[in-house]
Amino acid sequence: MRIIVWHQSLCVLLGQSERAIQANSILSNMRTRVSLLLFFLVVSVWVEPIDAASGSSIDKAATSLHISAKIDGTDELHISHQAALWDHGSWGWPTDVKINGQPWSPRKLRVLKVGPNTPFLRPDIELAGATIRKIRGRGTVKLGCGPNGLIIGFNDEGQNGAATYEVIILFADPICKQSQRLIDNLKSESDQPMKTVELDIQAKIDGADAVHISSDRAEWAHYEASWPQNVSLNGRSWDARVKSELLATPNAFFPAGINVSAAELIEKKGRGAVQLFPTDDRLTIRFDDRQPSGAGDYLARVRIPITQLWRVEIQCDEPAHVFGAQLNIVRYEGSEDRPKVVSSQHVFDRRGRTIVALPRGSYRFEVQHQPRPNVVVALKSGRVNVESPARVRLRAVKVPTPRMMVSGRRGLELTQLAVRSILPTGAVEWKRRSRANRVSLVLSPDETYRVRAFGSRGSIHAALWKELKTGEIRRITEPEEQLTRCFFDWHAEALRHSRAGVKLVFPDSTHEFPVTTKTQFLTNRRFVALGYGFQLKNGRKIVFHPRGYVLPEAQSDHRFELGGPLVGRATAAILTNEKLGSPNAKQLWADISAVDPKGHILDTRESTVDWKWEVKMRDGEAPPKHPLSAAALQRLGKPSDTVLLAARFHLNKPVEWLLPPEGFVPRQSNRVSTTGPAYMDWRTTAYLAKVERSLREIARERELPVGSSYRVTLTWWLNSGAVGGHGGTTMPLSGMVDDFSWFSHPWALSHELLHGFGYGHNPDMERTDGVIQRRFEEHRWFAADHPEFVPDFFAKQNAASK
């Protein structure tokens, strides 16, 4: 028996769901028709049913592969023209495996062989043109390349049980051919090739709403305030409150196979925000009406271009150095200098080639790879205008280990080197090791690179961030007038030690080195975080957490003061902890720390000082147990009056402290107020800065007019979850006390702040949350790219002090 499996490659590559493939026409008011040939262009593939246990095989070659499986752990699927091989990694073997709809049991038969006369994939399919789209799956799916063909890596580790994964592997050449045939057979009423499809949405909005439009249906999502009225889609009236889903049968809103992700909002009207969010398989138009007085009229007109996909072959001069590496692609829209990332996966084959299918536009291509510990590959193209089939050559020159010179001193020994990507985030990095004490750079000639270089010689250490031409990287230099010199002094009462070191934390890296009174650190960066440690003569190790510093401008000196007498600081508060069995369960939270004169807090986990501490009561009785009863709460009253915190540890001699706890003190930024332990000022300030950044990014992403009076009250609890609403957000205290980073995104922060703006749980909110977290990461790399960067909080503080 034979069955037909409809090849979905064109529609999937261009962002259409499986149900969109079944659409057979578009709305009548578009006055267009689609030839029946369109649906036969979706190439049929004849498949012999597979019985993996008996060894029956695929009889007819395919032009794409639709793979689904239940994954529990890690697995790899190896694909060649002749066969598929399953390589199981961790946890349970995959189940319910299907290739092009046919079952396969890899546990019983690891290799899926082909018939005697027919390959697994058509012989003319170039594996270098493969790309992969994940339809579903909670973990990651990565496309790779091995000696015998493609490698699909599934990673479901860190999750409970198994989950279903579904992917489609597509190939550039068939996609481009089908794209051309599709466009040739899409005709307008005047029998001319169709160039665009337009959608017109009108409604009276009072609150927050969105409409999700797929090829054959539209879904209305109402989030806040009153339901919309007078809704129409392409002139068709729609009562979204009565029926949230509008089916287009027997017509479709746009023909299957067009590039939905290229849609643009060509007209919008309304007193609030109107936004378009095109995704892989649908369009979302978001309406936000935040006005207090009734509903307002809104209009959104969307144009979807029908574009040809062109074959673009990228060839690298050094095949051995890029084999298996990922290709990065960015696209420039109009006159914008900031490109958009093309997120599809492509890998280089053994010949140093990869092939992609791209619509018309301006692109840059890049490969960043480290094939061996002592080789760094950073090849990239200039802007390439794709208007027809194209071939892009990534030329390469080899640069030996760069020399590093600062302030006219003799050369420093290079210890770290990173080359930034053309993407908003990421870099390829080399670090000096025993087996990689030198580095060979494979770069593109006549290009400009952003590099980070660390070097040292004797007591001199340097960290530079530079933008250099390819030829300039051979000798990385910085004149003295562009540098800040840092020295490390020891407090007069510092403990005598046998050795010491510092850890400097930058947005993109860390740098550790030993320090003495002769050590100098030279840098062109303004904002750093410094932690330090030392070893006593008795062998005990003392380590302090980092905190931030703003260095003076170039041609200036800065002196870090290390060590000094330790002061005990303690704090306590009664907080909610629903993990104790009740939503309102209370617990006494307390902390006691050792703090140096500059505010650095002892890292009791990394230090070997036998740190032990406990909670005591002033009345001499045992502390109440958790959860706190009404009587216990009454007994505790104000913890600073009833509780004592005891600490015992050993430096050069035993130390004991018995301290009354301080209450939480108020902290405030521009829009956010909270309370926290007084001596955790660095961590609290960093957290407030991240709340402010998240608020700004939410307002930017949603085009929200956030008035000067908008405020957020931030409170803490000991729960594992978080909660947000209008004007108030409650977060886990651990998210602040355990985080010393200025740039990281606190767990669930943006999610809860979105609730404060009235957004409920829905896919659109999840998308926004993901965008905010991505922008946090982009902000971190932006700060890394700009060594003059100083956070607004410190810039304003410095301006006020002047």
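Above this text sits the structure in question.
Rules used throughout
- Residues numbered from 1 in each chain as written.
- Predicted model: local features only at pLDDT ≥ 70, side-chain atom pairs only at ≥ 80, totals over all residues.
- Heavy atoms only, no water.
- Pairing = 2+ DSSP bridges.
- Helix = DSSP H or I, 4+ residues; strand = E, 2+ residues; numbered from the N terminus.
- Axes fitted to C-alpha atoms, helices over the stretch in contact; angles between N-to-C directions.
- Contact = heavy atoms within 4.5 Å.
- Phe/Tyr/Trp six-rings, centres within 6.5 Å; stacked < 30°, edge-to-face > 60°.
- Buried < 20%, exposed > 50% of the residue type's maximum accessible area, 1.4 Å probe, protein only.
- Lys NZ or Arg CZ within 6 Å of the ring centre and 35° of its normal.
- Parallel < 35°, antiparallel > 145°, perpendicular 65-115°, else oblique.
- Left-handed = near helix turned anticlockwise from the far one by under 90°.
- Nonpolar A, V, L, I, M, F, W, Y, C, P; charged D, E, K, R; others polar.

**Some words on the sheet that holds strand S54 (residues 723-725)**
Now for step 1: Spatially, the 5 strands line up as an open sheet ordered S51-S52-S53-S55-S54, and their pairing is mixed. Edge positions in the open sheet fall to strand S51 (665-668) and S54, since each of these has one partner strand only. For this sheet, the mean inter-axis angle between neighbouring strands, taken without regard to orientation, is 25°.
Now for step 2: As paired elements, S54 and strand S55 (residues 728-732) share 3 bridges and run antiparallel to each other. Paired with glycine 724 across the two strands is threonine 729, which belongs to S55.
Now for step 3: This element, helix H8 (residues 681-702), spans S51, strand S52 (672-676), strand S53 (712-717) and S55 of the sheet and lies at about 155° to S52.

**Quick notes on the packing of aromatic side chains**
Now for step 1: Applying the stated criterion to the full structure yields 34 aromatic pairs.
Now for step 2: An angle of 75° between the planes, with centres 6.1 Å apart, marks the rings of phenylalanine 488 and phenylalanine 513 as edge-to-face. With a gap of 25 residues between them, phenylalanine 488 in strand S39 (residues 484-490) and phenylalanine 513 in strand S41 (residues 510-514) connect regions that are remote in the sequence. There is no split in this pair, since phenylalanine 488 and phenylalanine 513 are both buried.
Now for step 3: In textbook terms, an aromatic cluster arises when at least three aromatic residues are bridged by ring pairs, as seen for Phe527, Trp682, Trp742, Phe743, Phe789, Phe793 and Phe794.
Now for step 4: Geometry around tyrosine 449 places lysine 380 over its ring, the cationic atom sitting 4.2 Å from the centre.
Now for step 5: The residue whose ring lies beneath arginine 702 is tyrosine 759, and the NZ or CZ to ring-centre distance is 5.2 Å.

**Topic: the sheet that holds strand S30 (residues 390-394)**
Now for step 1: The sheet built from 3 strands is open, its strands ordered S26-S23-S30 with mixed pairing. The sheet terminates laterally at strand S26 (353-359) and S30, the two strands that pair on one side only. Between one strand axis and the next, the sheet turns by 25° as a mean value, whatever way the strands run.
Now for step 2: Relative to S30, strand S23 (residues 309-316) runs parallel, the two being bridged by 5 bridges. Across the sheet, the residue bridging to cysteine 316 is leucine 394, located in S30.
Now for step 3: Those strands touched by helix H4 (residues 172-184) are S23 and S26, and its axis lies near 155° from that of S23.

**Let's talk about unusual backbone geometry**
Now for step 1: Backbone torsion omega between histidine 626 and proline 627 reads -5°, so that peptide bond is classified as cis.
Now for step 2: Residue placement: proline 627 occurs in the loop between strand S48 (612-617) and helix H6 (630-636).
Now for step 3: Unusually for a residue other than glycine, aspartate 446 sits at a positive phi of about 60°.
Now for step 4: Locating aspartate 446 in the fold gives a position in the loop between strand S35 (440-443) and strand S36 (448-457).
Now for step 5: At aspartate 610, a position not held by glycine, the phi torsion is positive, near 55°.

**Concerning the side chain of glutamate 778**
Now for step 1: Here glutamate 778 lies in helix H11 (residues 763-785).
Now for step 2: Among the residues examined, glutamate 778 registers a relative accessible area of 15% and is labelled buried.
Now for step 3: Setting aside residues no more than four positions away along its own chain, glutamate 778 makes contact with Arg338, Pro424 and Thr425.

**As for the packing of H8 against H11**
Now for step 1: Between H8 and H11, whose axes approach to 10 Å, the crossing angle comes to 125°. One element, H8, and the other, H11, form an angle in the oblique class. Taken as a pair, H8 and H11 cross one another with a handedness that is right-handed. Of H11, the residues touching H8 (which contributes Lys690, Arg693, Ser694, Glu697, Ile698, Arg700, Glu701 and Arg702) are Asp764, Met765, Arg767, Thr768, Val771, Ile772, Arg775, Phe776 and His779.
Now for step 2: Of the residues in the contact of H8 with H11, the class split is 5 nonpolar, 3 polar and 9 charged.

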